[in-house]
Amino acid sequence: MHEKYAPEGISPVERPAAATARACSNVALVKYWGKVDERGRVPATGSLSVTLGGLKTETTVAFSDRDGPDLVVLDGRSLGGREAARVASFLDLVREIAAVHGRPVGAASVRSVNYFPTAAGLASSASGFAALAGASLRAAGLGGSEDELATLARLGSASAARSVHGGFVELVPYMLESGAWNARTARVAAEGHWDLRVLVAVVDAGYKPIGSTPAMARTAATSPYYGGWLETWGADLADARDSIIARDLERLASVTEHSALKLHALTMTSRPPVQFLRGPSIETMHAVWDLRTSGTLCAFTADAGPNIKVLCSAADEERVRAALMSVQGVQSVRASAVGGPMEVVGHDVDPVAWRGASGEHEEPSQEAGDGE
Ligand code: DP6
């Protein structure tokens, strides 16, 4: 049991037949990369994200009273293998918390829909685990605060903790008196604070060399620059936080690109190397610098994949979109305004309607992207 990490303050509420939650994805402007505690998914560095209102996941969870394998359907496709195991081990944690509160639950049916093209590589473990945390806790007849839900979501995927709050959110590790590590989330500013846009330029969606979890373990073990990364995140985080509070896009642009480029320098200098960026990713970075040179304030960032995310003011959205679409290899551009917090949107869905007597699903199968 993850007692050491399980959020405190969770309390029993009426148990519904099923519960549905929606959460937005997020992109870190100051990146997390590396863990100080693998099992508790405690990041080694603090991070600060902006919530992506246009990239949402909706997840419905129902628990049966009987034990058995969990059924997890993502965009109409039944998950198997490692993907299913990761969800099942998260649900085990929820079951353990529920048992501690005298609410034992059995196997789960989970249906999750991404309201953005997973086939374009935009699948997000952040929105996925934030929505799963909200829906599964409620479906088990438990309630908790946003902070407690963020802690729970972090145990599925660290970046998911930030998606629970919405707006601009930081996630920072800290050491307990016992010497063990934990992390806390804090909303730096709500979604209404600053009308920014994040444009996702989708490039070469099909290819992903390695997932972020193993890639960051490799980086920590092998990149000679990892020490510098651990020493410099604090200054980046303070810089980004102050820029957001002051709505200073020029300053935020500088620290955003600096953090992203440090992350990619780390992965490239790992052994064996990990190169998430493709040719069009680099060309898109140049297009962003060209825009800046010609007076349009914007900044890029990139995660564990080839897509480039570009931050700009709402007023510049169309100009930036046009420039990104003109880069050879950019397949599509999807804009988001700053999104809000995870919400539990309903808890009256009849799970039989989608589980069916045989457990078969008739929804069309779709290629699922790997979370960036
Ligand atoms: C590059 O949160 O996906 O997007 O905690 O292992 O699930 P796990 O990793 P994940 O890593 C995100 C890394 C990043 C930077 C960030 O979001 O801070």
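Our subject is the structure that appears above.
None of the values given here were measured: they were computed from a predicted structure. (Residues numbered from 1 in each chain as written. Predicted model: local features only at pLDDT ≥ 70, side-chain atom pairs only at ≥ 80, totals over all residues. Heavy atoms only, no water.)

What am I meant to see in the overall build of the protein here?
Of regular secondary structure, the protein possesses 10 helices and 16 strands. Per-residue burial for the protein yields a buried fraction of 56% across its 372 residues. A separation of at least 24 residues holds for 78% of the contacts in the protein among residues at least 6 apart in sequence. Accessible area of the protein: about 14900 Å², with a carbon and sulfur share of 50%. (Helix = DSSP H or I, 4+ residues; strand = E, 2+ residues; numbered from the N terminus. Buried < 20%, exposed > 50% of the residue type's maximum accessible area, 1.4 Å probe, protein only. Contact = heavy atoms within 4.5 Å. Areas by Shrake-Rupley, 256 points an atom, 1.4 Å probe, with all protein chains shown as cover.)

Got a minute to help me understand the site of the ligand in this structure?
Within the structure, the ligand sits among 17 residues, and Tyr32, Lys35, Ser157, Ser159 and Thr213 are positioned closest to it. A distance of 3.4 Å is found between an oxygen atom of the ligand and a side-chain nitrogen or oxygen belonging to Ser125. Note that an oxygen atom of the ligand is positioned 2.7 Å from one of the side-chain N or O atoms of Arg162. Out of a free accessible area of 450 Å², the ligand has 98% covered by protein chains. The element best represented in the shell around the ligand is helix α5 (residues 212-222), accounting for three residues. (Near = heavy atom within 4 Å. Polar contact = N/O pair within 3.5 Å; in protein donor to acceptor, adjacent residues only side chain to side chain.)

Hey, could you run me through the sheet that holds strand β15 (residues 330-337) in this one?
Sheet strands pair by backbone hydrogen bonding; their relative direction is either parallel or antiparallel. Read from one edge to the other, the open sheet built from four strands follows the order β13-β14-β12-β15, with strand pairing classed as antiparallel. Sheet topology places β13 (298-302) and β15 at the edges, where each strand pairs with a single neighbour. Strand-to-strand, the axes of this sheet are offset by a mean angle of 25°, without reference to chain direction. Two strands pair when backbone bridges link them, and β13 and strand β14 (residues 308-313) are joined in this way by five bridges, in the antiparallel orientation. Directly across from Phe300, in β14, lies its bridge partner Val310. Helix α8 (residues 279-293) contacts β12 (196-203), β13, β14 and β15 of the sheet and is inclined by roughly 160° relative to β13. Helix α9 (residues 317-325) contacts β12, β13, β14 and β15 of the sheet and is inclined by roughly 160° relative to β15. (Pairing = 2+ DSSP bridges. Axes fitted to C-alpha atoms, helices over the stretch in contact; angles between N-to-C directions.)

Would you explain the environment of Ala235 in this entry?
On the secondary structure map, Ala235 appears in helix α6 (residues 226-245). Residues Ala235 and Val255 lie 20 residues apart in sequence; the distance between their C-alpha atoms is 9.5 Å.

Which parts of the structure should I look at to understand the pairing of β12?
When a strand is regular, its side chains alternate between the sheet's two faces. Counting buried residues along β12, eight of its eight residues qualify, which places the element largely inside the surrounding structure. Side chains Leu196, Val198, Val200 and Val202 project from β12 onto one buried face, and the interleaved Arg197, Leu199, Ala201 and Val203 project onto a second face that is buried too. Sheet topology places β12 next to β14; six bridges connect them, and they run antiparallel. Across the sheet, residue Leu196 finds its bridge partner in β14, namely Ser313. Bridge count for β12 against β15 is seven bridges, and the pairing is antiparallel. Pairing of Arg197 across the sheet is with Ala337, part of β15.

How should the packing of aromatic side chains be read in this particular structure?
Aromatic ring pairs are defined here through the distance separating the ring centres and the angle between the ring planes. Following the criterion strictly, the structure yields four aromatic pairs and no others. On the basis of an interplanar angle of 65° and a centroid distance of 5.6 Å, the ring pair of Phe90 and Phe129 is categorised as edge-to-face. Residue Phe90 is located in helix α1 (residues 81-100), and its partner Phe129 is located in helix α2 (residues 125-139); the two are separated by 39 residues in the primary sequence. A single burial state applies to Phe90 and to Phe129, both of which are buried. Measuring from ring centre to ring centre gives 6.3 Å for Phe168 and Trp194, while their planes differ by 35°; the resulting arrangement is tilted. Within this pair, whereas Phe168 is found in strand β10 (residues 168-175), its partner Trp194 is found in the loop between β11 (181-189) and β12, the two being separated by 26 residues in sequence. (Phe/Tyr/Trp six-rings, centres within 6.5 Å; stacked < 30°, edge-to-face > 60°.)

I keep staring at the nonpolar core and nothing clicks. Help me out?
Note on soluble globular proteins: their nonpolar side chains tend to be buried together. In terms of nonpolar packing, the biggest core is built from 57 residues, with Trp33, Val61, Phe63, Leu132 and Leu152 touching the most fellow members. When neighbours within four sequence positions are excluded, Trp33 is seen to be in contact with Thr45, Ser212, Ala215, Met216, Thr219, Tyr226, Trp229, Leu263, Leu266, Thr267, Phe276 and Ala304. Within the second largest apolar cluster, 27 residues are counted, among which are Leu48, Trp194, Leu252 and Val255. (Core = buried A, V, L, I, M, F, W, Y, C linked by side-chain atoms within 4.5 Å.)

Explanation requested: the side chain of Asn114 in the structure shown.
By the element assignment, Asn114 lies in strand β8 (residues 108-114). A distance of 2.6 Å separates the side chain of Asn114 from the side chain of Thr57, its partner in a polar contact.

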